[in-house]
Amino acid sequence: MIKAVMMMNTQGKPRLAKFYDFLPVEKQQELIRGVFSVLSSRPENVSNFLEIDSLFGPDSRLVYKHYATLYFVLVFDGSENELAMLDLIQVLVETLDKCFSNVCELDIVFNYSKLHTVLDEIVFGGQVLETRTDEVMKAVEEISKLEAASNSISLVPKSVSGWRGGR
Amino acid sequence: MDNMFQRSLEDLIKGFRLQLLGESSFISRALEEIRREIKATDLSTKSTALHKLSYLAAIHGVDMSWAAFHAVEVVSSSRFHHKRIGYQAITQSFHDQTSVLLLITNQLRKDLNSVNEYEVSLGLECLSRIGTHDLARDLSPEVFTLLGSSKSFVRKKATGVVLRVFDKYPDAVKVCFKRLVENLETSDPQILSAVVGVFCELASKDPSSCLPLAPEFFKILIESRNNWVLIKVLKIFAKLASVEPRLGKKVAEPICEHMKRTVAKSLVFECVRTVVSSLSDHEAAVKLAVAKIGEFLVEDDPNLKYLGLHALSIAAPKHLWAVLENKEAVVKALSDEDPNVKLEALHLLMAMDSYELCAKSDPLFCNEIIISVLSVCSRNAYEIIVDFNWYVSLLGEMTRIPNCQRGEEIEHQLIDIGMRVGDARPQLVRVSWALLIDPAMLGNLFLHPILSAASWVSGEYVEFAKNPYELVEALVQPRTDLLPPYIRAIYIHSVFKVLVFCLGSYFSAQESSSGSSSTVAFTYESILNLVNVIEIGVWPLSGAYDVEVQERAKNVLGFIGMAKQDIAKKVNLQDNEAEACRVTAFMEDVFSEELGPISANAQEKVFVPDGLELEENLGDLEEICGKFLKPVESDSVPCADKISFSVSNLRIRDQQEASSSSTSLPPKASSSLLAEHRKRHGMYYLTSEKNDPDSNGTPNDYPPANDLASEILLDPLDPKRKAKHRKSRPVVVKLDEGDESRIITSQAKTKQESVTDDESLSRAIQSALLVNKKGKEREAKGIQI
């Protein structure tokens, strides 16, 4: 089971933090900080795994990947394969890339909802449900269409709603 | 509309990045705004506000539990956009204690029955994250329906929610299990992947319940080509094989096939892991797995190396040969630059019964392991050790490893730990006693340093000993004749300390007739016995050839002589004016002062007293002390006069410091003195230039050996003494080394903030403790080689 998915930049600012077991917000922030402090002290060219029992409890493992200014972090337990989790990060990044074409950190910052949509298609309730990028994209596009459709049902003229920056 | 001017989430984010007010004030302003907006009746306004709040909660840790009811309101909207926001907020912030939780039941039901699969998906996701017993119970019929939906998208998601529903409402199993199993036969790989994922979790919790499905899983194992699916199935079999060993036989074959055929490293690793953890009795499979591990270990990719070591450490307890086969890789990993790899290698070695390992492999390897373990563990004053009792017993065990040549390092650590870690002292004394009592140890030259440490520790921390009598027996046993005199001297002094302690407790017990406060109670007979044993043991040494041994023996005997009378007297009187009593109390006082480690930088921290000029030219001293000192400029051989030694020594040191810090001489140092000294002691003087062609190119502090030999008698500035100043290299009893900040106890360490890799090692060591119970027993018995 996947316990958490996190994205944070190299200064420790979280860009995404999803915990699949309920935790109060203070604890969440604490964990994010804890993970960041471990990650920032890792040199390059070392393995991408960490034991983080003290943060997440027994049998917790962490896999991370460093892309430019972002750390992608997956926390999981013994029922997931480590290398498969590493692949999953790859899948997530590739999907984001397709979604935003040459994704960079700013895309992630400004597209908080879409980010969640993508992630929710891949990881559902702590389980990996979808690993094919195109399937995820299909679902994400459908959802975006639905959203846009429901959003524009208003008495405000279209030009104005466009101005409001419906992304 | 009201929300035309409302800031959306995007506006909030943009504003955040551009803000000049400071984060917290920006957030509080935004929060105020949100609180106002969220109370609006218009759902759009509400949902936007909720959306912003969710963002703040997730990214900035703002509490959003107060908005629970609003989330329920938003979710009831018919618009997909609002629903999404509402569900996201709910999923993120609701928990078992949220009071409004039950209010969403109906809404969830409606959405689960929706035609739109994305609405269904929203509802399912919400249920999978926050589902409670009641929700699960009420909605399991819907879940059941969805598990049979024609849309694979929906079925996939429904499978994902099953786990939570089963977990919270076990009765749901009766309803939904069949459908779940049906899905096992689906041809859709994603649904299959989801289903086996669910079964994997179920098998972890309760393997026997999934056992009947073994044939289905077997079919998948053989037929599937999807790596994700295969990995999960392998995990299932790992759990099932542990309850049903016969399964192992059946699956070993297909697993080996996969191992041979696949190119996916993840699958290979999972196969290897399954084999070594659950199928460890199947030789052929294990052999293949170990071969694959070997391949992983020599890869460049640090991930593979790490995982290879991890698998090896699982295999190691039952298959020691696997480690031996890969021992070069393991030893290489000990010094790998990746801390994970290093720690994993260390963990591997510690988890094994190192005694057995070394018995079967060559001494060089043993010693390499030992020195690596010692150095890693002692780094930064034993930063990574949490359980010192275990570490101390490990040190004792290392001593017993045949061909152990690391006596000095172990000795150093025993004493160092004794000084630094108060809580470890009882264990230290125990381990030391076991080492001391063992006659075989005495014969081994390499172990003498360890024995000296053991005896010092026993003497110094005798108050933690369970049975001082046994300690004394160990220290005076006849075979100690094999020890060199300087270690013997330590033994005798430790005997003295033990004696003082015992007498002290005896006397104080006599004084306070209401039971003794110490843990060891001495009767008249036992104390007399003790004293006699010591006397008999030490008496022959009073005529020893070595002056130190002789002196110490005589000290002990003298003390005993005095104490004996008073012990006899003490039987009758409560007279605390007895001389022996006072002397004993006095000695106890002396010994009770704790010796602690001293930093190598301690001297620097001592402030130079006012008026003491260290850097001035001491030529003026001539006039004052001229009558006492020989003239410095003369070429005559400098005398070994104490004063001149210290003065010129001071000068030399000062010049050394001055010259070693820079190539150009600092203004205060007198170059004339330098030249003088160089003239006099040419070959002994270190050049300030590191690249001096005269030097041998060796960067050490010592002059070439040949030059030494001829001058050693004449020169008071003996290189050995110089060496002491320079390096403070400790001799046998180590009291002067290490960091300034005394590490008080292992429990006093607080390292909650930063989690280092090393902490995980401590967990590894803790778990290895279970394996090392065997070693502890052996050590408790004491005599065994």
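Since the model is a prediction, treat every value here as computed from it, not as a measurement. Residue positions within a chain follow its written sequence, with the count starting from 1. Whichever chain is written first becomes A and whichever ligand is written first becomes 1, with later ones labelled in order. Reporting of local features is limited, given that this is a predicted model, to residues whose pLDDT is at least 70; pairs of side-chain atoms are given and counted only at 80 or more, and all residues count toward the totals for whole chains, interfaces and linings. Side-chain calculation: all heavy atoms of the structure are included, whereas hydrogens and water are not.

A. Spatial organisation of the overall build of chain B. A helix here means a DSSP run of H or I that spans at least four residues, while a strand means a run of E at least two residues long, and both kinds are numbered starting from the N terminus. Scanning chain B from terminus to terminus reveals 41 helices and 0 strands. With a 1.4 Å probe rolled over the protein chains alone, any residue whose accessible area is under 20% of its type maximum counts as buried; one over 50% counts as exposed, and the rest are partly exposed. For chain B, with 785 residues in total, the buried portion stands at 53%. Working note: accessible area of chain B is about 37100 Å², and carbon and sulfur atoms make up 54% of it. Reported accessibility uses the Shrake-Rupley method at a 1.4 Å probe radius. Residues are deemed covered only where the shown protein chains occlude them.

B. Spatial organisation of the side chain of B:Thr48. All names here are of chain B. In this structure, Thr48 sits in helix H3 (residues 43-60). A 3.5 Å cut-off defines polar contacts: any pair of N or O atoms within that distance qualifies, except that in protein one atom must be a possible hydrogen donor and the other a possible acceptor, and neighbouring residues in sequence count only when both atoms are side-chain atoms. Engagement of the side chain of Thr48 in a polar contact is seen with the backbone oxygen of Ser44, the distance being 2.8 Å. What makes two residues a contact is simply this: any of their non-hydrogen atoms within 4.5 Å. The contacts of Thr48, once residues within four sequence positions are left out, are Gln6, Arg7, Ser8 and Leu9.

C. Layout of the pairing of strand E4 (residues 61-67) of chain A. Residue and element names in this part refer to chain A. Bridge count between strand E3 (residues 49-51) and E4: 3 bridges; the pairing is antiparallel. Residue Glu51 lies in a different strand from E4, and its bridge partner there is Arg61. Here 7 bridges tie E4 to strand E5 (residues 70-76), and the two strands are oriented antiparallel to one another. Residue pairing for E5: Lys65 is matched across the bridge by Phe72. Strand pairing follows a simple DSSP-based rule, namely that at least 2 bridges must link the two strands. Joining the antiparallel neighbours E4 and E5 is a turn of 2 residues, in which Ala68 adopts a positive phi near 50 degrees.

D. Just helix H9 (residues 152-168) of chain B, in detail. All names here are of chain B. For H9, spanning 17 residues, the distance from its first C-alpha to its last is 25 Å, which sits close to the expected 24 Å at 1.5 Å a residue. What is called the bend at a residue is the angle between a pair of axes, fitted to the seven residues leading up to and ending at it and to the seven starting from it. At Val161, H9 shows its maximal kink, close to 30 degrees. Within H9, 13 of the 17 residues are buried, which leaves it mostly tucked inside the rest of the structure. One less than the residue count of a helix, multiplied by 1.5 Å, gives the span that helix is expected to have.

E. A look at the environment of B:Ala454. Residue and element names in this part refer to chain B. You can see Ala454 is positioned in helix H28 (residues 448-460). By relative accessible area, which is 0% here, Ala454 ends up buried. The spatial distance from the C-alpha of Ala454 to the C-alpha of Gly396 is 9.7 Å, given a sequence separation of 58 residues.

F. Spotlight on the confidence of the model for chain B. All names here are of chain B. Per residue, pLDDT measures the predictor's confidence, with a range of 0 to 100. When pLDDT is averaged along chain B, the result is 75, and 71% of the positions lie at 70 or above. Mean pLDDT in chain B bottoms out at helix H39 (residues 719-727), which sits at 37, and peaks at helix H16 (residues 265-278), which reaches 91. Across residues 632-652, confidence stays below pLDDT 50; counting only partners more than four residues off in sequence or on other chains, it has 31 contacts. Here residues 657-669 scores under 50 on pLDDT; set against residues more than four positions off or in separate chains, the count is 11 contacts. Across the whole predicted complex the pTM is 0.64, and at the interface the ipTM reaches 0.87.

G. Structural detail: helix H3 (residues 82-100) of chain A. All names here are of chain A. Its 19 residues place the ends of H3 27 Å apart at the C-alpha level, agreeing with the 27 Å of an ideal helix rising 1.5 Å per residue. Of all 19 residues in H3, 14 are buried, a share of seventy percent or more. After H3 finishes, the residue Ser101 shows a positive phi value of roughly 45 degrees.

H. Quick peek at the nonpolar core. By nonpolar core we mean a set of buried residues, namely Ala, Val, Leu, Ile, Met, Phe, Trp, Tyr and Cys, connected to one another through side-chain atoms within 4.5 Å. Of all hydrophobic cores here, the largest spans 255 residues; its most connected members are B:Phe199, B:Phe217 and B:Ile417. Looking at this core, the element that brings in the most residues is helix H30 (residues 485-511) of chain B, giving 15 residues. If we skip the residues at most four places from it in the chain, B:Ile417 touches B:Tyr382, B:Phe388, B:Tyr391, B:Val392, B:Leu395, B:Ala424 and B:Leu428. Listed in part, the 21 residues of the second largest apolar core include A:Met8, A:Leu31, A:Phe36 and A:Phe56.

I. Representation of the interface of chain A and chain B in the model. Tallying the contact residues gives 67 residues for chain A and 74 residues for chain B. Buried area: the accessible surface (1.4 Å probe) lost by two parts on joining, summed over both. At the boundary of chain A with chain B, total buried surface from both sides reaches about 6300 Å², with 55% on carbon and sulfur atoms. Here, a salt bridge means any Lys or Arg side-chain nitrogen found within 4 Å of an Asp or Glu carboxyl oxygen. Taken together, the connections running from chain A to chain B amount to 5 salt bridges. Between A:Glu147 and B:Arg84 there is a salt bridge, with the nearest N and O atoms lying 2.7 Å from each other. At the junction of chain A with chain B, the criterion picks out 21 residue pairs in polar contact (both at pLDDT 80 or more). Side-chain classes are defined by residue name, with Ala, Val, Leu, Ile, Met, Phe, Trp, Tyr, Cys and Pro counting as nonpolar, Asp, Glu, Lys and Arg as charged, and the others, Gly among them, as polar. For the side of chain A that touches chain B, the residue count by class is 32 nonpolar, 17 polar and 18 charged.

J. Representation of the packing of H3(A) against helix H6 (residues 133-151) of chain A in the model. Residues and elements named next belong to chain A. A fitted line through C-alpha atoms serves as each axis, taken over the contacting stretch for helices, and the angle formed by two N-to-C directions is quoted from 0 to 180°. At a minimum axis distance of 10 Å, the contact between H3 and H6 shows a crossing angle of 45 degrees. In terms of axis orientation, H3 runs oblique to H6. In the crossing of H3 with H6, the sense of the turn from one axis to the other is right-handed. Between H3, through Glu94, Thr95, Lys98 and Cys99, and H6, the contact on the second element is made entirely by Thr133, Val136, Met137 and Val140. By residue class, the composition of the contact of H3 with H6 is 4 nonpolar, 2 polar and 2 charged. Note on angle classes: values under 35 degrees are labelled roughly parallel, values over 145 roughly antiparallel, values of 65 to 115 roughly perpendicular, and the remainder oblique. For any pair of crossing helices, the crossing counts as left-handed if the nearer helix is rotated counterclockwise from the farther one by less than a right angle, and right-handed if it is rotated clockwise.

K. Structural view of the sheet that holds E3(A). All names here are of chain A. With antiparallel pairing, 5 strands are arranged side by side in an open sheet as E2-E1-E5-E4-E3. Of all the strands in the sheet, the pair left with one neighbour each is strand E2 (14-19) and E3. Direction aside, the axes of adjacent strands within the sheet are offset by 15 degrees on average. The sheet contact formed by strand E1 (residues 2-9) and E5 spans 7 bridges and is antiparallel. Directly across from Met6, in E5, lies its bridge partner Val73. Where helix H1 (residues 25-40) meets the sheet, it contacts E1, E2, E3, E4 and E5, and its direction lies at approximately 65 degrees from that of E1.

L. Broad picture of the pairing of E2(A). Counting buried positions over the 6 residues of E2(A) gives 6, a clear majority of the element. Here E1(A) folds back onto E2(A) in antiparallel fashion, the turn holding 4 residues, of which A:Gly12 has a positive phi close to 90 degrees.

M. Quick look at the packing of aromatic side chains. Residues and elements named next belong to chain B. For Phe, Tyr and Trp, where Trp contributes only its six-membered ring, two rings pair if their centres lie within 6.5 Å, and the inter-plane angle classes them as stacked under 30 degrees, edge-to-face over 60, or tilted in between. Per the counting criterion, the structure on display carries 12 aromatic pairs over all chains. When the ring of Phe496 is compared with that of Phe559, the centres are 5.3 Å apart and the planes differ by 80 degrees; the resulting orientation is edge-to-face. Taken as a pair, Phe496 in helix H30 and Phe559 in helix H32 (residues 547-570) lie far apart in primary sequence, 63 residues in all. Judged by its relative accessible area of 7%, Phe559 falls in the buried class.

N. Local environment of the side chain of A:Glu130. Residue position: A:Glu130 is located in the loop between strand E7 (127-128) and H6. Owing to a relative accessible area of 2%, A:Glu130 belongs among the buried residues under this scheme. At a separation of 2.9 Å, a polar atom in the side chain of A:Glu130 contacts the side chain of A:Arg132. Apart from residues lying up to four places away in sequence, A:Glu130 is in contact with A:Glu121, A:Ile122, A:Glu135, A:Val136, B:Lys156 and B:Gln190.

O. View of the confidence of the model for chain A. For chain A, mean pLDDT is 86; residues scoring 70 or higher make up 91% of the total. When pLDDT is averaged over each element of chain A, E5(A) comes out on top at 93 and helix H7 (residues 158-163) of chain A at the bottom at 53.

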